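Spelled out, the chains give:
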Amino acid sequence: MATDLTSEARAGFDGNPNPHLRTSPCWYAHALGQYLHATGRSAPRGVRMGRGDSIRANDMRFSFKPWPSGALKFDRIE
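This is a predicted model, so every value here is computed, not measured.

**Considering the overall build of the protein chain**
Thinking step 1. Across its full length, the protein chain carries 2 helices and 4 strands.
Thinking step 2. The helix and strand sequence of the protein chain, counted from the amino end, reads α-α-β-β-β-β.
Thinking step 3. Per-residue burial over the protein chain gives 37% buried out of 78 residues.
Thinking step 4. Sequence-distant contacts, at least 24 apart, represent 34% of the contacts inside the protein chain between residues at least 6 apart.
Thinking step 5. Put simply, the protein chain shows about 4,700 Å² of open surface, and 52% of that area lies on carbon and sulfur atoms.

Below, the structure written as structure tokens:
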């Protein structure tokens, strides 16, 4: 399993389609990159999985929750 997920998140930030297995750490990182781009944040750096339902990037922690549509909702956690 990858521990540094920055390249996967960067691919999502750059608009590439997500080729990873759904719910894998790489898939979440890619989806986070898409979220960072869509919300006008800076490019992802230092991306890694956190504890539970969280992922860390850009010195922030994000919690992810699946929506019924299959999309993810990210919330920034202090």
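**Looking at the confidence of the model for the protein chain**
Thinking step 1. A residue-level look at the protein chain finds 87% of positions with pLDDT of 70 or above and a mean pLDDT of 87.
Thinking step 2. Mean pLDDT per element in the protein chain: strand S4 (residues 72-77) is the minimum at 71, and helix H1 (residues 6-13) is the maximum at 96.

**Comments concerning H1**
Thinking step 1. Listed in full, the buried residues belonging to H1 are Thr6, Glu8, Ala9, Gly12 and Phe13. Take H1 and look down its axis: the buried residues cluster within an arc of 160°, on one side only.
Thinking step 2. Looking at the packing, one finds that the buried side of H1 touches helix H2 (25-38).
Thinking step 3. Immediately downstream of H1, the backbone of Gly15 shows phi near 95°, a positive value.

**Quick word on the packing of aromatic side chains**
Thinking step 1. Inspection of the entire model under this criterion finds 3 aromatic pairs.
Thinking step 2. Measuring from ring centre to ring centre gives 4.0 Å for Tyr28 and Phe64, while their planes differ by 25°; the resulting arrangement is stacked. A residue pair is termed long-range when its members are at least 10 positions apart, and Tyr28 in helix H2 and Phe64 in strand S3 (residues 60-66) qualify at 36 residues.
Thinking step 3. Taking relative accessible area as the criterion, Phe64 reaches 8% and is therefore assigned buried.
Thinking step 4. Feature note: the residues Trp27, Tyr28 and Phe64 constitute an aromatic cluster, connected by ring pairs.

**Observations concerning the pairing of strand S2 (residues 54-57)**
Each regular strand shows side chains that alternate between the opposite faces of the sheet.
Thinking step 1. Relative to S2, strand S1 (residues 48-49) runs antiparallel, the two being bridged by 2 bridges. Counterpart to Met49 in the pairing with S2 is Ile55.
Thinking step 2. Counted along the chain from S1 to the antiparallel partner S2, the turn is 4 residues long, and its residue Gly52 has a positive phi close to 65°.
Thinking step 3. Pairing analysis gives 4 bridges linking S2 to S3, with the strands arranged antiparallel. The residue bridging Ala57 from the neighbouring strand is Met60, located in S3.
Thinking step 4. In textbook terms, the turn of a hairpin is the stretch between consecutive antiparallel strands, and for S2 and S3 this stretch comprises 2 residues, one of which, Asn58, has a positive phi near 55°.

The rules behind these values
- Residues numbered from 1 in each chain as written.
- Predicted model: local features only at pLDDT ≥ 70, side-chain atom pairs only at ≥ 80, totals over all residues.
- Heavy atoms only, no water.
- Helix = DSSP H or I, 4+ residues; strand = E, 2+ residues; numbered from the N terminus.
- Buried < 20%, exposed > 50% of the residue type's maximum accessible area, 1.4 Å probe, protein only.
- Contact = heavy atoms within 4.5 Å.
- Areas by Shrake-Rupley, 256 points an atom, 1.4 Å probe, with all protein chains shown as cover.
- pLDDT = per-residue confidence, 0-100.
- Arc of directions from axis to C-beta.
- Phe/Tyr/Trp six-rings, centres within 6.5 Å; stacked < 30°, edge-to-face > 60°.
- Pairing = 2+ DSSP bridges.

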